[in-house]
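Letter by letter, the chains look like this.
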Amino acid sequence: TLRRGLMKPMTDALDAGGAAYVVFAEITPDAPIPLIERGIDCYRENDCDALIAFGGGSSMDAAKAIAMAIANPKLLRSLAGYFKGRHSPAPIYAVPTTAGTGSEVTVAAVIADPEEQSKVVIIDPRLVPRLAALDATLMTGLPPAMTAATGIDALTHAVEAFVGNWATPTSDGMALAAVGMIFGHLRTCFTDGGNLAAREQMALASTYAGLAFTRANV
């Protein structure tokens, strides 16, 4: 994301607004605990006030884990599960660059635990970012294989939400809308990655699916 220059418009805007910031660009897929700990150190060393999660699902989940750990200084493993943080996490703002995880509107953060060879799932409604900016221009350069994988991820979320035991009319509406948008536009995004209209629809579909499965569970 950083190498492709996707962040430059955002950092230019922060510069123009006089906002100080630091970029932590080490996030990897399924970010492991040691990497999250480096992110925590970066936040503290630079006296940060909030996090902007810019990237795919792993970046957003990592930001959520960092935010919760900053407010609740304890072992990351001890934050696994429901409502394990006593204090509210640092403010999080999300800018997704893929259309798949829906993490910009969900209550969960998933990170990797290399020692236990497992995943740590932190769940808390306060982890939902305060704002999510959906910018389809950030997704037009996504490779076809990644476009397909993330799109099917969103479809999975929507279908699981629809059949979930906690589904409501509202979550069903979101799930069905997401399924329709994915069937209508994912193939176009795969074959014509620069199609902005299709990318916008997939970005919305991913977010709708995220909203649906946050309520109905998966």
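Please refer to the structure higher up on the page.
Values in this document were obtained by computation on a predicted structure and should not be read as measured data.

A. Representation of the nonpolar core in the model. One finds Ile 36, Leu 51, Leu 76, Ile 111 and Ile 122 to be the most contacted residues of the largest nonpolar core, which totals 27 residues. Of all the elements in the fold, those that place two or more residues in this core are helix H2 (33–45), strand E1 (51–55), helix H3 (57–71), strand E3 (92–96), strand E4 (108–113) and strand E5 (118–123). The dominant element in this core, judged by the number of residues it contributes, is H3, at nine residues. Of all hydrophobic cores here, the second largest spans 20 residues; its members include Met 139, Ala 154, Met 181 and Met 202.

B. Quick peek at unusual backbone geometry. At Asp 47, a residue that is not glycine, the phi angle is positive and equals roughly 50°. Note on placement: Asp 47 falls in the loop between H2 and E1. Residue Asp 47 is classed as exposed on the basis of its relative accessible area of 63%. You will see that Asn 217, though not glycine, has its phi angle at about 75°, which is positive. In this structure, Asn 217 sits in the segment after helix H6 (196–216).

C. Looking closely at the sheet that holds E5. Taken in spatial order, the three strands of this open sheet run E2-E5-E4, and their pairing is mixed. With partners counted over all chains shown, the strands left at the sheet margins are strand E2 (81–82) and E4, one partner each. Sheet topology places E4 next to E5; six bridges connect them, and they run antiparallel. For Ala 108, the partnering residue across the bridge sits in E5 and is Ile 123. Against the sheet, H3 touches E4 and E5, its axis set at about 95° to E4.

D. The arrangement of a nonpolar patch on the surface in detail. Nonpolar side chains collect at one region of the surface, where Val 159, Phe 162, Val 163 and Leu 176 lie side by side and expose about 370 Å² of accessible area between them. Top element by residues in the nonpolar patch is helix H4 (residues 144–163). It accounts for three residues. Topologically, Val 163 is positioned in helix H4.

E. Main features of the packing of aromatic side chains. Enumeration over the complete set of coordinates arrives at one aromatic pair. Plain terms: the ring middles of Tyr 82 and Phe 83 are 6.0 Å apart, the flat faces sit at 50° to each other, and that makes the pair tilted.

F. Inspection of H4 at higher detail. With 20 residues, H4 should cover 28 Å at 1.5 Å per step; its first-to-last C-alpha distance of 29 Å lies within 8% of that length. All of the buried residues along H4 are Thr 147, Thr 150, Gly 151, Ala 154, Leu 155, His 157, Ala 158 and Ala 161. The buried residues of H4 all sit within an arc of 155° when viewed along its axis, so they share a single face. Opposite the buried face of H4, by more than 90 degrees, sit the exposed residues Ala 145 and Val 163. In this structure, the buried side of H4 is in contact with helix H5 (169–191) and H6.

G. How the structure looks around the packing of H4 against H6. With their axes 8 Å apart at the nearest point, H4 and H6 run at an angle of 35° to one another. Crossing hand, H4 versus H6: left-handed. Of H6, the residues touching H4 (which contributes Thr 147, Gly 151, Ala 154, His 157, Ala 158 and Ala 161) are Arg 199, Met 202, Ser 206, Ala 209, Ala 212, Phe 213 and Ala 216. Its residues assigned to classes, the contact of H4 with H6 comprises eight nonpolar, four polar and one charged.

H. The arrangement of the sheet that holds E1 in detail. In space, the three strands of this open sheet follow the order E1-E3-E6, with parallel pairing throughout. Strands at the two margins of the open sheet, each flanked by one partner only, are E1 and strand E6 (131–132). Bridge count for E1 against E3 is five bridges, and the pairing is parallel. The residue bridging Leu 51 from the neighbouring strand is Ile 92, located in E3. The strands touched by H3 are E1 and E3; relative to E1, the strand with the most contacts, the crossing angle is about 160°.

I. Main features of H6. The first and last C-alpha atoms of H6 sit 30 Å apart over 21 residues, in line with the 30 Å expected at 1.5 Å per residue. Among all positions in H6, only Ala 198, Arg 199, Met 202, Ala 203, Ala 205, Ser 206, Thr 207, Ala 209, Gly 210, Ala 212, Phe 213 and Ala 216 are buried. Each element contacted by the buried residues of H6 is listed here: H4 and H5. Its side-chain oxygen 3.3 Å from the backbone nitrogen of Ala 197, Asn 195 forms the N-cap of H6. Directly beyond the C-terminal end of H6, a positive phi value near 75° is found at Asn 217.

Cut-offs and rules
- In every chain, residue numbers begin from 1 and rise along the written sequence.
- Since the coordinates come from a predicted model, pLDDT governs what is reported: local features require at least 70, and pairs of side-chain atoms require 80 or more to be given and counted, while whole-chain, interface and lining totals use all residues.
- Excluded from the side-chain calculations are hydrogens and water; all other atoms, namely the structure's heavy atoms, are used.
- Here, nonpolar core means buried Ala, Val, Leu, Ile, Met, Phe, Trp, Tyr and Cys residues that are tied together by side-chain atoms lying within 4.5 Å of each other.
- Note on classification: 1.4 Å probe, protein chains only; a residue is buried when its accessible area is under 20% of the maximum for its type, exposed when over 50%, partly exposed between these limits.
- Helix and strand assignments come from DSSP, with helices taken as H or I runs of at least 4 residues and strands as E runs of at least 2, each series counted from the N terminus.
- Strands are labelled as partners when DSSP assigns at least two bridges between them.
- Throughout, a contact is declared for two residues whenever any of their heavy atoms are within 4.5 Å.
- Note on geometry: axes are C-alpha line fits, over the in-contact stretch for helices, and angles between N-to-C directions span 0 to 180 degrees.
- Residues with no salt bridge and a relative accessible area higher than 30% make up the patches, which join like charges within 9 Å and nonpolar side chains (Val, Leu, Ile, Met, Phe, Trp, Tyr) within 5 Å.
- Accessible surface area values rest on a Shrake-Rupley calculation with a 1.4 Å probe, where residue burial reflects the displayed protein chains alone.
- Any Lys or Arg side-chain nitrogen found within 4 Å of a carboxyl oxygen on Asp or Glu counts as a salt bridge.
- Each pair of aromatic rings taken from Phe, Tyr and Trp, with Trp reduced to its six-membered ring, is defined by centres within 6.5 Å and is described as stacked if the planes are under 30 degrees apart, edge-to-face if over 60, and tilted in the remaining cases.
- Any helix carries an expected span of 1.5 Å times its number of residues minus one.
- The directions from the helix axis to the C-beta atoms form the arc being described.
- When the near helix sits turned anticlockwise from the far one by under a right angle, the crossing is termed left-handed; a clockwise turn instead gives a right-handed crossing.
- Gly counts as polar in this scheme, as do all residues outside two lists: the nonpolar Ala, Val, Leu, Ile, Met, Phe, Trp, Tyr, Cys and Pro, and the charged Asp, Glu, Lys and Arg.
- N or O atoms closer than or at 3.5 Å make up a polar contact, with two conditions inside protein: a donor-capable atom paired with an acceptor-capable one, and, for residues adjacent in sequence, both atoms drawn from side chains.

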